[in-house]
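Next come the chains, spelled out residue by residue.
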2 protein chains.
Amino acid sequence: MLKIGELAALASVSRDTLRFYEKHGLITPGERSGAGYRLYSETDVHRISFIIGAKEVGFTLNEIHQLLELEVTKDEKSCYDIKQFVDAKISIVNQRLAEIKRIKKSLQTLSSACCGGDEPATHCTILEALSEQTN
Amino acid sequence: MLKIGELAALASVSRDTLRFYEKHGLITPGERSGAGYRLYSETDVHRISFIIGAKEVGFTLNEIHQLLELEVTKDEKSCYDIKQFVDAKISIVNQRLAEIKRIKKSLQTLSSACCGGDEPATHCTILEALSEQTN
DNA sequence: ATAAACCCTAGAGCATGGTCTAAGGTCAAA
DNA sequence: TTTGACCTTAGACCATGCTCTAGGGTTTAT
Ligand SMILES: [Zn+2]
Ligand SMILES: [Zn+2]
Ligand SMILES: [Zn+2]
Ligand SMILES: [Zn+2]
């Protein structure tokens, strides 16, 4: 059984983060010591690992919430269900990717149209372009 | 001179958004009517256009703040300065892009390792992988 | 025995970019 | 004249993911 600071060190997160995850229902640490200290079991450690792993691949806490539900009921779920979930996330990520690429392109277009010289920017095509709405 | 609702309609933003921008120093509408209504000049309209244009290419409000300072002092600034600013943003965008690509790859790796079948997910490689920290 | 290091709670605060509400004043048309 | 559409303010609220503070109690080492 680990105390919060021990788990925090193990998982490389802050104690506050662990309490935050608990408050938001991501972990439900069972036991408390006589003094009311949280005590984390092996299962809890595994759960934290899961959360951190899921964060690392870009899931939001909300999504991790749903993933954890899939995880704890994994004998009632199929691989199909889990894979679907991941694939749905991939398509969200693809949308973000497309948006950022769009932004990058716009910025590159702006940048390459500008002479980048020493003269006053009164004629700068970047400043001009920004005030022309495409809408 | 436009009232706030008129400018809002023109710029396709809400009245609240315009007041929000003002509160955060992005616009500084000069005049008020007798009843205390904000009155926007041609210059203000141009400024709003600029803000919206800059938002469209992905600048944050904070960055737009800085851009506006460049814009109003553009006779003291050079194209070099402006282009530098845009190029700095491009490198921020590139970092975000790299991070999202990393996430996408991780998710794809997860997805493709899963059989996606109908059997119980007790053996699912996705769930397994998520609880294995790379750290 | 006392100080450092740890634990607890509730709740505020941060950054981002707004949106909405309450409680009021103003202006135009019917 | 009264309704509705517009305007004002200050401040609360949304999501996201923490981080920090205040004001306590506990444990451990010296
Ligand atoms: Zn130039
Ligand atoms: Zn230029
Ligand atoms: Zn399978
Ligand atoms: Zn699977």
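Let us look at the structure shown here. (Residues numbered from 1 in each chain as written. Chains lettered and ligands numbered in written order. Predicted model: local features only at pLDDT ≥ 70, side-chain atom pairs only at ≥ 80, totals over all residues. Heavy atoms only, no water.)

**Overview of the relation of the copies chain A and chain B**
Each of the two chain copies can be generated from the other by rotation about an axis followed by a shift along it. Rotating chain A by 180° and translating it 0.0 Å along the rotation axis places it on chain B, where the RMSD comes to 0.1 Å. Between the two chains, the operation in question is that of a two-fold axis. Residue L97(A), judged by its C-alpha, is the member of chain A lying nearest the rotation axis, at 3.5 Å. Both copies contact each other with a shared surface, as 100% of the interface residues of chain A are interface residues in chain B too. (Least-squares fit on C-alpha atoms with pLDDT ≥ 70 in both. Contact = heavy atoms within 4.5 Å.)

**Digging into the protein's contact with DNA strand D**
As a matter of local geometry, DNA strand D sits amid 20 residues, with D16(A), F20(A), G5(B), R19(B) and R38(B) nearest to it. Here, DNA strand D places atoms within 4 Å of the protein, and 72% of those atoms are sugar or phosphate. Here a phosphate oxygen of DNA strand D and a side-chain polar atom of T17(A) are 3.3 Å apart. Contact between DNA strand D and K55(A): a phosphate oxygen at 3.1 Å from a side-chain N or O atom of the residue. Of all the secondary structure elements, the ones that give two or more residues to the surface near DNA strand D are α2 (15-23) and α4 (61-72) of chain A together with α1 (4-11) and α2 (15-23) of chain B. Taken together, the residues of the surface near DNA strand D break down into seven nonpolar, six polar and seven charged. (Near = heavy atom within 4 Å. Polar contact = N/O pair within 3.5 Å; in protein donor to acceptor, adjacent residues only side chain to side chain. Helix = DSSP H or I, 4+ residues; strand = E, 2+ residues; numbered from the N terminus. Nonpolar A, V, L, I, M, F, W, Y, C, P; charged D, E, K, R; others polar.)

**Some points on the interface of chain A and chain B**
Contact residues are listed per partner, giving 58 residues for chain A and 58 residues for chain B. Note on chain A versus chain B: buried area summed over both sides is about 5,100 Å², and carbon and sulfur give 69% of it. At the junction of chain A and chain B, the tally comes to zero salt bridges. Inspection of the chain A/chain B interface yields 22 residue pairs in polar contact (both at pLDDT 80 or more). When contributions to the side of chain A that touches chain B are tallied by element, the ones reaching two or more residues are α3 (42-56), α4, α5 (79-113) and α6 (125-130) of chain A. Among the elements that take part in the side of chain A that touches chain B, α5(A) stands out by supplying 22 residues, more than any other. (Buried area = accessible area lost by both parts, 1.4 Å probe. Salt bridge = Lys/Arg side-chain N within 4 Å of Asp/Glu carboxyl O.)

**Digging into a positive patch on the surface**
Judged by side-chain charge, K101(A), K105(A), K101(B) and K105(B) come together as a positively charged surface patch. At the level of elements, α5 of chain A together with α5 (79-113) of chain B are the ones that each hand at least two residues to the positive patch. The residue K105(B) is located in helix α5 in this model. Taking relative accessible area as the criterion, K105(B) reaches 62% and is therefore assigned exposed. (Patch = residues over 30% accessible without salt bridge, like charges linked within 9 Å, V, L, I, M, F, W, Y side chains within 5 Å. Areas by Shrake-Rupley, 256 points an atom, 1.4 Å probe, with all protein chains shown as cover. Lys, Arg positive; Asp, Glu negative; His and termini not counted. Charge placed at Lys NZ, Arg CZ, Asp CG, Glu CD. Buried < 20%, exposed > 50% of the residue type's maximum accessible area, 1.4 Å probe, protein only.)

**As for the packing of aromatic side chains**
All names here are of chain B. According to the stated counting rule, one finds four aromatic pairs over all chains in the structure shown. On the numbers, 6.2 Å between centres and 55° between planes, the contact of F20 with Y21 is tilted. Ring geometry for F59 and F85: centres 5.9 Å apart, planes at 35°, overall tilted. Taken together, the residues F59 in the loop between α3 (42-56) and α4 (61-72) and F85 in helix α5 connect sequence positions 26 residues apart. By relative accessible area, which is 4% here, F59 ends up buried. (Phe/Tyr/Trp six-rings, centres within 6.5 Å; stacked < 30°, edge-to-face > 60°.)

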